Amino acid sequence: MDCLKQPAFVVGDIDEDINLSLPPSSGEEYIKRVVIEARQCADVVVADLNPSCVKKPTKAYVETLAGCVQAPANLRPTQEWQQYQVADFSKLRLYVSRLKDEILIGKRKWRPPDIHLPDIDDQSAWIRFCLGGEEKIEPTLNTLFSFSQASVEQVLEYLVQFVETERKIEYRIGQWIYTLLANLEQPLQPDTCSCLRSLARACSVIRADSREPDAQELGALNLFICLVARYFRQLDLADP
């Protein structure tokens, strides 16, 4: 490392009495002026700060999102039931993926359904649509194939917010959520992952607050918690 200490330029003897107010007459003289000025600089410089001018750091408030609410023992699904649901859902997603590939390469014919979809920014219209408006559109794969992936993610977010607000899962809303999950591409976008976690938490709260839950709704609540936690790998939200 001693080679790094060797001067890059040989400037000869330096006259400390050089008049720095005059411009240098040559490149060599300019280098000498630089050396003189460098010698006048302290090795360590400490700024003299006025403490009254320094603002104290502001503590950022970060809200910690809780995990799923633990279910009463009589409402909690078994391990066998969860394994079956994940396996069944995996088969459905594999089937959906294969259909999309066959349509893409022209091996399977597909005709878009003759339906009018709401504007993607109109949350209320989408909620009415999924609840079964005037057209009574069913959440079939043929219908979902008309959706772009961005639409799948956006409508899913609308439905999760609806579940959080209403604190219940309507039968048709549950159907739509399940079909949307089957069409959700991986890897998940961060916003979509957060949406799924919100769905699982909302379902766990509804389940815990239900004294005598309807068997059908209880099945939907357990199913969505199971799929979010075990299929989409949000394992910290899983039922034991």
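Conventions adopted
- Residues numbered from 1 in each chain as written.
- Predicted model: local features only at pLDDT ≥ 70, side-chain atom pairs only at ≥ 80, totals over all residues.
- Heavy atoms only, no water.
- Helix = DSSP H or I, 4+ residues; strand = E, 2+ residues; numbered from the N terminus.
- Buried < 20%, exposed > 50% of the residue type's maximum accessible area, 1.4 Å probe, protein only.
- Areas by Shrake-Rupley, 256 points an atom, 1.4 Å probe, with all protein chains shown as cover.
- Core = buried A, V, L, I, M, F, W, Y, C linked by side-chain atoms within 4.5 Å.
- Contact = heavy atoms within 4.5 Å.
- Phe/Tyr/Trp six-rings, centres within 6.5 Å; stacked < 30°, edge-to-face > 60°.
- Salt bridge = Lys/Arg side-chain N within 4 Å of Asp/Glu carboxyl O.
- Axes fitted to C-alpha atoms, helices over the stretch in contact; angles between N-to-C directions.
- Parallel < 35°, antiparallel > 145°, perpendicular 65-115°, else oblique.
- Nonpolar A, V, L, I, M, F, W, Y, C, P; charged D, E, K, R; others polar.
- Expected span 1.5 Å × (residues − 1).
- pLDDT = per-residue confidence, 0-100.

Novice: Teacher, can you tell me more about the overall build of the chain here?
Specialist: When helices and strands are counted, the chain shows 8 helices and 0 strands. Each helix and strand of the chain, ordered N terminal to C terminal, gives the series α-α-α-α-α-α-α-α. The 240 residues of the chain split such that 35% are buried. Counting only carbon and sulfur atoms, one obtains 52% of the accessible surface of the chain, whose full area is about 16,300 Å².

Novice: Looking at this structure, I do not really get the nonpolar core. What am I missing?
Specialist: Inside soluble globular proteins, nonpolar side chains tend to come together where they are buried. In this structure, L156, L159, I177 and L181 are the most contacted members of the largest nonpolar core, which totals 45 residues. Secondary-structure elements contributing two or more residues to this core are helix 2 (79-104), helix 3 (123-132), helix 5 (149-166), helix 6 (171-182), helix 7 (190-209) and helix 8 (215-231). Element by element, the count of residues in this core is highest for helix 8, at 10 residues. Those residues in contact with L181, other than ones at most four positions away along the chain, are F89, R93, L156, L196, F224, L227 and F232.

Novice: Explain the packing of aromatic side chains to me, please; I cannot follow it from the model alone.
Specialist: Two measures describe an aromatic ring pair: the distance that separates the ring centres and the angle between the ring planes. By the definition in use, this model includes 9 aromatic pairs. Pairing W126 with F129 gives two aromatic rings, centres 5.2 Å apart and planes at 70 degrees, and the pair type is edge-to-face. Here the residue W126 and the residue F129 both occupy positions in helix 3, the gap between them amounting to 3 residues, near one helical turn. According to the relative accessible area criterion, F129 is buried, its value standing at 8%.

Novice: Even after reading the chapter, I still don't get the pattern of salt bridges, so can you show me in this structure?
Specialist: Under the criterion given, the structure shown has 5 salt bridges. For R167, the salt bridge identified is with D209, shortest N-O distance 2.6 Å. Of the two residues, R167 is situated in the loop between helix 5 and helix 6 and D209 in helix 7; the sequence distance between them amounts to 42 residues. For R167, a relative accessible area of 46% puts it in the partly exposed group. Here R197 ties to D236 by a salt bridge, and the two come within 2.7 Å at their closest N and O atoms. Remark: D236 occurs in the segment after helix 8 and R197 occurs in helix 7; sequence separation between them is 39 residues. Residue D236 is classed as exposed on the basis of its relative accessible area, which comes to 56%.

Novice: Sorry if this is basic, but what is going on with the packing of helix 2 against helix 8 here?
Specialist: Helix-helix packing: each pair is described by the crossing angle between the helix axes and the interaxial distance. Two numbers describe how helix 2 lies on helix 8: the axes approach to 10 Å, and their chain directions differ by 70 degrees. In terms of their interaxial angle, helix 2 and helix 8 are classed as roughly perpendicular. Across from Q79, W81, Q82, Q85, V86, F89, S90 and R93 in helix 2, the residues of helix 8 making contact are G219, N222, L223, C226, L227, R230 and Y231. Considered class by class, the residues forming the contact of helix 2 with helix 8 number 7 nonpolar, 6 polar and 2 charged.

Novice: Even after reading the chapter, I still don't get helix 7, so can you show me in this structure?
Specialist: Because the α-helix completes a turn every 3.6 residues, residues three or four places apart line up on one side. Helix length check: helix 7, at 20 residues, gives a terminal C-alpha distance of 29 Å against a target of 28 Å (1.5 Å per residue), a fit within 8%. Summarising burial for helix 7: 14 of the 20 residues are buried, a large majority.

Novice: For this particular structure, what's the right way to read the confidence of the model for the chain?
Specialist: Caution applies to low-pLDDT parts of the model: their predicted coordinates are not meant to be read in detail. Per-residue confidence for the chain gives a mean pLDDT of 84; residues scoring 70 or more make up 80%. When pLDDT is averaged over each helix and strand of the chain, the minimum, 73, is found for helix 1 (residues 27-39) and the maximum, 96, for helix 5. In this model, residues 59-64 is a region of pLDDT below 50 whose contacts with residues beyond four sequence positions or in other chains number 0 contacts.

Novice: What is the right way to look at helix 6 in this model?
Specialist: The terminal C-alpha atoms of helix 6, which comprises 12 residues, lie 17 Å apart, in line with the 16 Å expected from a rise of 1.5 Å per residue. By the criterion of burial, helix 6 is predominantly enclosed, with 9 of the 12 residues buried. Three or more residues of helix 6 are buried, namely R172, I173, G174, W176, I177, T179, L180, L181 and A182. Among the structural elements, helix 2, helix 3, helix 4 (141-144), helix 5, helix 7 and helix 8 are those in contact with the buried residues of helix 6.

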